[in-house]
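Okay, here's what each chain looks like letter by letter:
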Amino acid sequence: MTFLSIVSRGLMRRPVRTGLTMIGIAIGIAAVVALVGMSRGFQTSWTNGLKTRGTDIVVSNMGSALTPKPFAATQADKIKSLPHVAAICTLMVDLISVEKADMMIVSARQWGGFSWGNLKIVSGRLPKDEKEKAVVLGQTAADVLKKKVGDTLQLETDELQVVGIVDGGAIVENGSVILSLSLYQEITGNDGKINVIDLRMTPGTTKEEAAELTERINSLVPEAKAVSAGDNIRNSQGYRIINAMSWGTSLLAVLVGVLGVMNTMLMTVFERRQEICILLAVGWRRGRVVRMILWESALLGFLGGIGGVVLGVIGVKILITAPAIKGLLEPDLNAVLLAQAVVISVVVGVISGLYPGWRSSRLMPSQALHG
Amino acid sequence: MATTNAGDECVFEAIALKKEYDDGQVQALRGVDLRIHTGEFVAIVGQSGSGKSTLLQMLGALDHPSSGQLLYRGKSLEESSDLAAYRAREIGFIFQAFHLLPTFTALENVQIPMFETSRPVAERKTRAMELLKAVGLEKRVHHFPSKLSGGERQRVAIARSLANGASVLLADEPTGNLDSENAGYIMDLIVNLHREHNVTLVMVTHDMGIAHRATRVIAMRDGHIVSDGAGVPSAVS
């Protein structure tokens, strides 16, 4: 018999209570996994979308909203002749309600720009020219909107024809409604406005040269900020707020877990007072008794954490099929996040066991003789 | 006050030992002076509330005296920095209510005190098997306390008390919860252990038949020792 078997036996004394406490922790940890995974997934999906378009640098003004603020399209002219710039493509990217979908990415791209290049036609065709009242839909967007080639799509007040279904190579691209920039500017009354410039650098550009280029762009275009594609979404205040809210909500859920474990462990110490006194009477050191309680609560946290990770992953898989989210993001449930969630759960267990452990260490072994 | 010395070495020496509860409202021990020597079998008798169990708790360092001194082999227990080690290695406890851990088998219960030693896992198990065999429970080692009779439970408790090779056994009414047949068996077992291993045995009992088997009987009343000598004092009998 090992110390761990004593610890696990302690938890098995009250299997129902142990199980319920574990479920409590699991729900808290599932919230951590789901919220943080979704939040990080938003960042990953957005970044992957940029990479798929072949964008190295993004010039935009990521304020507190999830989509960038518009600025004059003429600003792009200042950039395109800079050294190491291979190509630019101006865009207007929006997150708006489209027909029955609460939130849909609308990606309006400069006609002929490189950002059209990654789109593989699954069915139909691309618009004939920038003035054709037509859109192409990413595969997921078509699925969410229940559209096929030939259908019409209501965008703002205009009716546009769906002329193609495309595979954009990334979840954000596949979840987008894609059309020409000039058409969208006309529809939304934003003539001459863009909110993103995708920039592709010449092959062989070094990191230092890229850094120098972003600095020059920032000085030339004060209305926007140039950042590498990977850093784009991280610079968004909106994303930061979402991220902070995810962690905040998660910590609240974890706090509930702490209270649950503490309550269980206090009950355990109270119920097993005599047993603890017997252990002290037969020579167990107080430190060993405290360790036993801490190990029990840590094990409770660990098992709850594992349960929470499983629950969180399943929950996220179900959540992303919801119409409101589908096509917007790909949850980032990487091994580091899942391991972090389990570690948080174990730490929660240990912290919750501190007070009950201290209480147990205050018992006198003579109490074993009473009753 | 007479003492019966079985060996030269003094195992316990109590000097003006007092124990009070509830801020002095209850005086369980009112200045006990006592010497117990190696290999003695001392029975402590007295009515309920006489202080005999409290004295046993003090000897086993289960509780702290309010005042006075208690020496174990010449060293003050109060000044000891490691009372847990004292309880683990020097003392074996046998309780009236057995006090086995209900979620552990007989074999596991006997191993519990050995966690405070450096014995490896396999050795702990072997030692526990040997002890259970010695008390005649080799076929009941995997049974939980709830599946054992009272006599069997007490035998497990005896095996547990010897787990770390204690030189002193402290028994608090060890047959109090047993029928006469089991009580006789348990007493024979404890007395044999005392004789064969020269273990010092201090036993609290109400049973004068058991007290008669001790080499020395201490009678207590109202927290005082009222008689101390060989045989049961007539007043107590």
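The rules we used
- In every chain, residue numbers begin from 1 and rise along the written sequence.
- All chains are assigned letters beginning with A, and all ligands numbers beginning with 1, in the order in which they are written.
- Only residues with pLDDT of at least 70 are given local features in this predicted model, and only at 80 or more are side-chain atom pairs given and counted; all residues enter the totals for whole chains, interfaces and linings.
- Think of the side-chain values as coming from all heavy atoms in the structure, minus any hydrogens and water.
- Helix and strand assignments follow DSSP, with helices taken as H or I runs no shorter than four residues and strands as E runs no shorter than two, numbered in order from the N terminus.
- For the radius of gyration, the atom set is restricted to C-alpha positions; the globular benchmark scales as 2.2 Å times the number of residues to the power 0.38.
- Each residue's exposure class comes from its accessible area (1.4 Å probe, protein chains only) as a fraction of the maximum for that residue type: buried when under 20%, exposed when over 50%, partly exposed otherwise.
- In what follows, a contact means two residues having at least one pair of non-hydrogen atoms within 4.5 Å.
- Per-residue accessibility takes into account occlusion by the displayed protein chains alone, with areas from the Shrake-Rupley method and a 1.4 Å probe.
- As used throughout, the charge tally considers Lys and Arg to be positive and Asp and Glu to be negative, leaving His and the chain termini uncounted.
- Here the site of a charge means NZ on Lys, CZ on Arg, CG on Asp, or CD on Glu.
- UniProt positions are given in the numbering used here, feature names are shortened, and annotations may be inferred rather than shown by experiment.
- Simply put, an axis is a line fit to the C-alpha atoms, just over the touching stretch for a helix, and the angle between two N-to-C directions goes from 0 to 180 degrees.
- Each angle receives one of four descriptions, namely roughly parallel if under 35 degrees, roughly antiparallel if over 145, roughly perpendicular if within 65 to 115, and oblique otherwise.
- Here a crossing is called left-handed whenever its near helix is offset anticlockwise from the far helix by less than a right angle, and right-handed whenever the offset is clockwise.
- Just so you know the grouping, Ala, Val, Leu, Ile, Met, Phe, Trp, Tyr, Cys and Pro go in nonpolar, Asp, Glu, Lys and Arg go in charged, and all remaining residues, Gly too, go in polar.
- Two distance rules govern patches: like charges are joined within 9 Å, and nonpolar side chains (Val, Leu, Ile, Met, Phe, Trp, Tyr) within 5 Å, applied only to residues with over 30% relative accessible area and no salt bridge.
- Within this document, salt bridges are pairs made up of a side-chain nitrogen of Lys or Arg and a carboxyl oxygen of Asp or Glu, the two lying within 4 Å of each other.
- Stacked, tilted and edge-to-face pairs are distinguished by plane angle, under 30 degrees for stacked and over 60 for edge-to-face with tilted covering the rest, among Phe, Tyr and Trp rings (Trp via its six-membered ring) whose centres lie within 6.5 Å.
- DSSP-based pairing: two strands are paired if at least 2 bridges between them are found.
- The term buried area refers to how much accessible surface (probe radius 1.4 Å) is lost by two components on association, counted for both of them together.
- Two N or O atoms form a polar contact when they lie within 3.5 Å of each other; inside protein one atom must be a possible hydrogen donor and the other a possible acceptor, and for residues adjacent in sequence the pair counts only when both atoms belong to side chains.
- The split of the chain into domains comes from an automatic or database domain assignment.

Draft legend 1. Region of interest: the overall build of chain A. Along its length, chain A carries 11 helices and 12 strands. Taking 2.2 N^0.38 as the reference for a compact globule, 371 residues should give roughly 21 Å; the C-alpha atoms of chain A span a radius of gyration of 28 Å, well beyond that estimate. With respect to the principal axes defined by its C-alpha atoms, chain A has extents near 90 × 45 × 30 Å. Residue burial in chain A is summarised as follows: out of 371 residues, 52% are buried. A separation threshold of at least 6 residues defines the contact pool for chain A, and within that pool the share at least 24 residues apart is 81%. Carbon and sulfur atoms make up 61% of the accessible area of chain A, which amounts to about 16,000 Å² in all. For chain A, the distance from the average position of its 37 positive side-chain charges to the average position of its 29 negative side-chain charges is 16 Å.

Draft legend 2. Broad picture of the overall build of chain B. Check the secondary structure of chain B and you find 7 helices and 10 strands. A compact globule built from 237 residues should have a C-alpha radius of gyration of about 18 Å, and chain B, at 17 Å, falls within 12% of that. Overall, the C-alpha framework of chain B stretches about 45 × 40 × 40 Å when taken along its three principal axes. Taken over 237 residues, chain B has a buried fraction of 56%. Across chain B, contacts joining residues at least 24 apart in sequence account for 72% of those joining residues at least 6 apart. As displayed, chain B has an accessible area near 9,900 Å², and 46% of this comes from carbon and sulfur atoms. The average position of the 24 basic charges and that of the 28 acidic charges among the side chains of chain B differ by 5 Å.

Draft legend 3. Representation of the UniProt feature "transmembrane region" (unreviewed entry) in chain A within the structure. Residue and element names in this part refer to chain A. Per the UniProt record, the feature "transmembrane region" (unreviewed entry) sits at residues 20–38, 244–266, 293–315 and 335–355. Secondary structure across residues 293–315 comprises 100% helix and 0% strand; the distance between its end C-alpha atoms is 32 Å. Across residues 335–355, the secondary structure splits into 100% helix and 0% strand, with the terminal C-alpha atoms separated by 32 Å.

Draft legend 4. View of the packing of helix α10 (residues 286–319) of chain A against helix α11 (residues 335–361) of chain A. Residue and element names in this part refer to chain A. Running from N to C, α10 and α11 cross one another at 150°; their axes reach a closest spacing of 7 Å. As the angle between them shows, α10 and α11 are arranged roughly antiparallel. The element α10 and its partner α11 pack so that their crossing is right-handed. For the contact of α10 with α11, the residue count by class is 16 nonpolar, 10 polar and 1 charged.

Draft legend 5. The arrangement of a nonpolar patch on the surface in detail. Residue and element names in this part refer to chain A. Residues Phe302, Leu303, Ile306, Val310, Ile314 and Ile318 make up a contiguous nonpolar surface patch of roughly 520 Å² in combined accessible area. Within the element layout of this structure, Ile306 appears in helix α10. Of the residues examined, Ile306 reaches a relative accessible area of 39% and is grouped as partly exposed.

Draft legend 6. Spatial organisation of the packing of aromatic side chains. Summed over the entire model, instances satisfying the criterion amount to 7 aromatic pairs over all chains. Judged by centre distance (5.3 Å) and plane angle (70°), the ring pair of Trp111(A) and Trp116(A) falls under edge-to-face. On the basis of relative accessible area, Trp111(A) is assigned to the partly exposed category, the value being 31%. Classification of Trp116(A) by relative accessible area gives buried; the value is 8%. Ring geometry for Tyr72(B) against Tyr86(B): centres 4.9 Å apart, planes inclined by 70°, an arrangement best described as edge-to-face.

Draft legend 7. Molecular detail of the sheet that holds strand β5 (residues 75–76) of chain B. All names here are of chain B. Sheet architecture is open: 4 strands sit in the order β2-β1-β4-β5, paired in antiparallel fashion. Each end of this open sheet is capped by a strand with a single partner; those strands are β2 (26–37) and β5. Sheet analysis places strand β1 (residues 10–21) next to β2, joined by 9 bridges and oriented antiparallel. Pairing of Phe12 across the sheet is with Ile36, part of β2.

Draft legend 8. Geometry of the interface of chain B and chain A. Listed as interface residues are 29 residues of chain B and, on the opposing side, 24 residues of chain A. On the chain B side of the contact with chain A, His99(B), Phe115(B) and Glu116(B) bury the most area, a combined 25% of that side's loss. For the interface between chain B and chain A, the tally reads 4 salt bridges. The tally of links between chain B and chain A comes to 11 residue pairs in polar contact (both at pLDDT 80 or more). Where the side of chain B that touches chain A is concerned, the elements lending two or more residues are α2 (83–90), α3 (106–111) and α4 (121–134) of chain B. Here the side of chain B that touches chain A gets 4 residues from one element, more than from any other, and that element is α2(B).

Draft legend 9. Structural view of the domain arrangement of chain A. When its domains are assigned, chain A resolves into domain 1 (3–44 + 239–369) and domain 2 (69–223). Taken over C-alpha atoms, the centre of domain 1 of chain A sits 45 Å from the centre of domain 2 of chain A.

Draft legend 10. Looking closely at the pattern of salt bridges. All names here are of chain A. Under the definition given, this model contains 25 salt bridges over all chains. Residue Glu271 is joined to Arg14 by a salt bridge in which the shortest nitrogen-to-oxygen separation is 3.0 Å. In this pair, Glu271 is assigned in helix α8 (residues 237–271) and Arg14 in the loop between α1 (3–12) and α2 (15–52), connecting sequence segments 257 residues apart. Arg109 is paired through a salt bridge with Glu173; the nearest N and O atoms lie 2.6 Å apart. A residue pair is termed long-range when its members are at least 10 positions apart, and Arg109 in strand β4 (residues 101–109) and Glu173 in helix α5 (residues 171–174) qualify at 64 residues. Pair check on accessibility: Arg109 and Glu173 agree, each one buried. Connected through salt bridges with shared partners, the residues Arg13, Arg272, Glu275 and Glu296 form a single ionic network.

Draft legend 11. Region of interest: the sheet that holds strand β6 (residues 91–94) of chain B. All names here are of chain B. Read across the sheet, 6 strands follow the order β6-β7-β8-β3-β9-β10 without closing on themselves; strand pairing throughout is mixed. On the outer flanks of this sheet lie β6 and β10 (224–229), each paired with one strand and no other. Taking each pair of neighbouring strands and ignoring which way they run, the sheet shows an average axis angle of 15°. Relative to β10, strand β9 (residues 216–221) is paired through 5 bridges, and the arrangement is antiparallel. Each residue of the ladder has a partner; that of Val217, found in β10, is Gly229. Here helix α5 (residues 150–161) sits on the sheet in contact with β6 and β7 (168–172), set at roughly 170° to β6. The sheet strands contacting helix α6 (residues 180–196) are β3 (41–46), β6 and β8 (200–204), and the helix crosses β8 at an angle near 150°.

Draft legend 12. Structural view of helix α6 (residues 181–188) of chain A. Of all 8 residues in α6(A), 6 are buried, a share of seventy percent or more. In the segment just after α6(A), Gly189(A) is the residue with positive phi, at about 70°.

Draft legend 13. Main features of the pairing of strand β7 (residues 152–155) of chain A. All names here are of chain A. Residues Leu153 and Leu155 line the buried face of β7, whereas the alternating positions Thr152 and Gln154 sit on a face that is not buried. As paired strands, β7 and strand β8 (residues 158–167) are joined by 4 bridges and run antiparallel to one another. Across the sheet, Thr152 pairs through a bridge with Gln161, a residue of β8.

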